[in-house]
Amino acid sequence: MLIVQKYGGTSVGSVERIRAVAERVKRAADAGNQVVAVVSAMSGETNKLIALAAEFSKTPSTREMDMLLSSGERVTSALLAIALTEMGYEAIALTGRQAGIVTDSVHTKARIEEIPAEPVMAQIKAGKIVVIAGFQGVTREGEVTTLGRGGSDLTAVAIAGAIKADLCEIYTDVDGVYTTDPRIEDKAKKLDKISYEEMLELASLGAKVLQNRSVELAKKLSVKVVTRNSFNENKGTTITSEEECMEKPIVSGVALDKNQARVSLIGIADRPGIAAEIFGALANAAINVDMIVQTVGQDGKTNLDFTIPATELETARKSLEGFGGALGRQEFDNEVCKLSIVGVGMKSHSGVAAEMFAALAKENINILMISTSEIKISVVVAKKYGELAVRILHATYELDK
Ligand code: ADP
Ligand code: ASP
Ligand code: MG
């Protein structure tokens, strides 16, 4: 089999852990497989680099951030290749560029445009174990880019799709995908299988066990993905098509996203085109706006609330500066989080939202914003209630049963 194995930050977090990963790669190779390993930076390393940059600027150039952040993954890829070589295997470490990963030029969250199979396959055909630095690519102009937080998952899926691997294993620090974050609710249950659609929602809504864009791509390219624990031999969770998931529970999981901020524009001019101008300015700054709520206008004024990633708060503040008084009073609230329930069974059931709101009301948790889609319901609540709310909803939908 041709296998891509991705190892996350904790899994390569120390010398001993990198050695253990080398052992695991070795076992896969000894069993007759052709192996491509994709690695993250050592745990905490990317955050450390971000903090270093923050010592110099609140809004550092995103190009330079990519120069900085891509270094973490280079370190681990080289160390793993050195470890494997020492064990008597032919191994080669490749950067994103060397692996042929071409992206657009949106620094710090670039999208992959192209991956030729040839650079990796040439090394595989030469009998080598290929170790790829995750999370990074290069633009057509040769600029280094990174793929957004958690982006090594995307590297692994994209490479697996490009070389038509039989399997893409995502090794992390928990046994697979759970009904909610097992670090918040210890009654969370590991799922054996989950559909691409549900996984995509969970990942987009804060379940960082898989990066959302990696799930999107896995679905598009039909890459078979299994998430597993690098610390044990347990079976893991298979991400697959909805048809293969026999059970269709109404709610499959609860997700919490603490990296959310709410922007409130109170008393903006209620005229055609104002929303287009505001969100146009945010789009120009490459800010991903999520929920949007506009209240009914009165006396030529209206209110607009929306959420953005908390990490983009400063950039948002900057890009709204140009509007001056036209936006009324501006509030930037970091103390919120987004709480969501996800399940394909919601499509054919009513009353799921009412049950969710009632459960939160019973604990006196106020809902600030609401949004829904076919298979998810999200609410924004105060950050201090986030984890409690996760446990409440987990119990409400009997996910521990
Ligand atoms: P890695 O460094 O291996 O990429 P991450 O920290 O990005 O690992 O993702 C794994 C973490 O995701 C787990 O430690 C867990 O706390 C968190 N997590 C959040 N939601 C879930 C979920 N539904 N199932 C499993 N893990 C989850
Ligand atoms: N090191 C990067 C991050 O922390 C990418 C990854 O781990 O997947 O976001
Ligand atoms: Mg991750």
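Residues numbered from 1 in each chain as written. Chains lettered and ligands numbered in written order. Predicted model: local features only at pLDDT ≥ 70, side-chain atom pairs only at ≥ 80, totals over all residues. Heavy atoms only, no water.

Here the focus is the environment of Leu205. Mapped onto the elements of the fold, Leu205 is located in the loop between α6 (196-204) and α7 (212-221). Taking the C-alpha atoms as reference points, Leu205 and Lys338, separated by 133 residues in sequence, lie 7.5 Å from one another. Leave out the neighbours within four places in its chain, and Leu205 touches Ala255, Leu256, Asp257, Lys338, Ser340, Val342, Lys376 and Ser378. (Helix = DSSP H or I, 4+ residues; strand = E, 2+ residues; numbered from the N terminus. Contact = heavy atoms within 4.5 Å.)

With that out of the way, let us pick up the sheet that holds strand β9 (residues 167-172). One open sheet holds the eight strands; their spatial order is β3-β6-β2-β1-β9-β11-β12-β10, and the pairing between them is mixed. Both outer strands of the open sheet, β3 (91-94) and β10 (193-195), are each paired with one neighbouring strand and no more. Here the average twist between neighbouring strands, direction ignored, is 20°. As defined by bridge partners, strand β2 (residues 34-39) adjoins strand β6 (residues 129-133) across four bridges and the pair is classed as parallel. By the bridge assignment, Val39 is partnered in β6 with Ala133. Packing of helix α3 (residues 62-86) onto the sheet brings it into contact with β2, β3 and β6, and relative to β6 it is tilted by some 165°. (Pairing = 2+ DSSP bridges. Axes fitted to C-alpha atoms, helices over the stretch in contact; angles between N-to-C directions.)

Near ligand 1 lie 17 residues; those nearest to it are Thr172, Asp173, Tyr178, Asp181 and Arg183. In the environment of ligand 1, an oxygen atom lies 3.0 Å from a nitrogen or oxygen atom belonging to the backbone of Gly9. The separation between an oxygen atom of ligand 1 and a polar side-chain atom of Thr172 is 2.7 Å. Computed on the free molecule, ligand 1 has an accessible area of 570 Å², of which 89% lies beneath the protein chains in the complex. Residue classes in the shell around ligand 1 are distributed as seven nonpolar, five polar and five charged. (Near = heavy atom within 4 Å. Polar contact = N/O pair within 3.5 Å; in protein donor to acceptor, adjacent residues only side chain to side chain. Areas by Shrake-Rupley, 256 points an atom, 1.4 Å probe, with all protein chains shown as cover. Nonpolar A, V, L, I, M, F, W, Y, C, P; charged D, E, K, R; others polar.)

A few words on the site of ligand 2. Near ligand 2, the surroundings consist of Ser40, Thr46, Glu73, Phe135, Arg149, Gly150, Gly151 and Ser152. Backbone polar atom of Ser152 to an oxygen atom of ligand 2: 3.0 Å apart, as the coordinates give it. Within the complex, 86% of the 260 Å² of free accessible area of ligand 2 lies under protein. Grouping the amino acids of the shell around ligand 2 by side-chain chemistry returns one nonpolar, five polar and two charged.

Note that soluble globular proteins tend to have their nonpolar side chains buried in a common cluster. Ranked by internal contacts, the top residues of the largest apolar core, which has 42 residues, are Val4, Val36, Val120, Ile159, Ile163, Cys168 and Met199. Mapped onto this core, the elements with two or more residues apiece are β1 (2-7), β2, α4 (118-125), β6, α5 (152-162), β9, α6 and α7. The greatest single-element share of this core, amounting to six residues, is contributed by α5. The residues touching Cys168, leaving out its near neighbours within four places in the chain, are Val4, Ala156, Val157, Ala160, Val223, Lys224, Val225 and Val226. In terms of nonpolar packing, the next biggest core, distinct from the first, is built from 22 residues, Val254, Ile341, Ala359 and Ile377 among them. (Core = buried A, V, L, I, M, F, W, Y, C linked by side-chain atoms within 4.5 Å. Buried < 20%, exposed > 50% of the residue type's maximum accessible area, 1.4 Å probe, protein only.)

Taken as a whole and assessed by the stated rule, the structure comprises 22 salt bridges. The shortest N-O distance in the salt bridge between Glu143 and Arg63 comes to 2.4 Å. Of this pair, Glu143 sits in the loop between β7 (136-138) and β8 (144-146) while Arg63 sits in helix α3; the two residues are 80 residues apart in sequence, bridging distant segments of the chain. Using a relative accessible area of 26% as the deciding quantity, one classes Glu143 as partly exposed. Judged by its relative accessible area of 32%, Arg63 is partly exposed. A salt bridge links Glu314 to Arg317; its shortest N-O distance comes to 3.5 Å. Linking Glu314 with Arg317, this pair stays in helix α9 (residues 313-320), spanning three residues, or about one helical turn. Judged by relative accessible area, which is 34%, Arg317 ranks as partly exposed. (Salt bridge = Lys/Arg side-chain N within 4 Å of Asp/Glu carboxyl O.)

This brings us to α6. What α6 keeps buried is the set Tyr196, Glu198, Met199, Glu201, Leu202 and Ala203. Gly206 sits one or two positions beyond α6 and adopts a positive phi of about 120°.

Below, the discussion takes up helix α10 (residues 352-362). Listed in full, the buried residues belonging to α10 are Val352, Met356, Ala359 and Leu360. The buried residues of α10 all sit within an arc of 95° when viewed along its axis, so they share a single face. Against the buried residues of α10 lie β16 (329-342), β18 (376-382) and α11 (386-396). One or two residues past the end of α10 sits Asn364, with phi positive at roughly 65°. (Arc of directions from axis to C-beta.)

The element strand β13 (residues 253-269) is extensively covered by neighbouring structure, given that twelve of its 17 residues are classed as buried. In terms of strand pairing, β13 meets β16 through eleven bridges, oriented antiparallel. Within β16, the residue paired with Asp257 across the bridge is Lys338. One ladder, built from nine bridges, connects β13 with strand β15 (residues 301-309); its direction is antiparallel. Within β15, the position partnered with Ile266 by the bridge is Asn303.

Okay, the side chain of Arg24 next. Considering the arrangement of structural elements, one finds Arg24 in helix α1 (residues 15-30). Judged by its relative accessible area of 8%, Arg24 is buried. With residues near it in sequence (within four places) discarded, Arg24 still touches Gln5, Tyr7, Tyr171, Arg228, Asn229, Ser230, Phe231, Asn232 and Glu233.

What follows covers the packing of aromatic side chains. Under the definition given, this model contains two aromatic pairs. Measuring from ring centre to ring centre gives 4.9 Å for Tyr7 and Tyr171, while their planes differ by 10°; the resulting arrangement is stacked. Placement of the pair is Tyr7 in strand β1 and Tyr171 in strand β9, with a sequence separation of 164 residues. The class for Tyr171 is buried, based on a relative accessible area of 2%. Where Phe279 meets Phe306, the ring centres are 5.2 Å apart and the plane angle is 70°; that geometry is what we call edge-to-face. With a gap of 27 residues between them, Phe279 in helix α8 (residues 274-284) and Phe306 in strand β15 connect regions that are remote in the sequence. (Phe/Tyr/Trp six-rings, centres within 6.5 Å; stacked < 30°, edge-to-face > 60°.)

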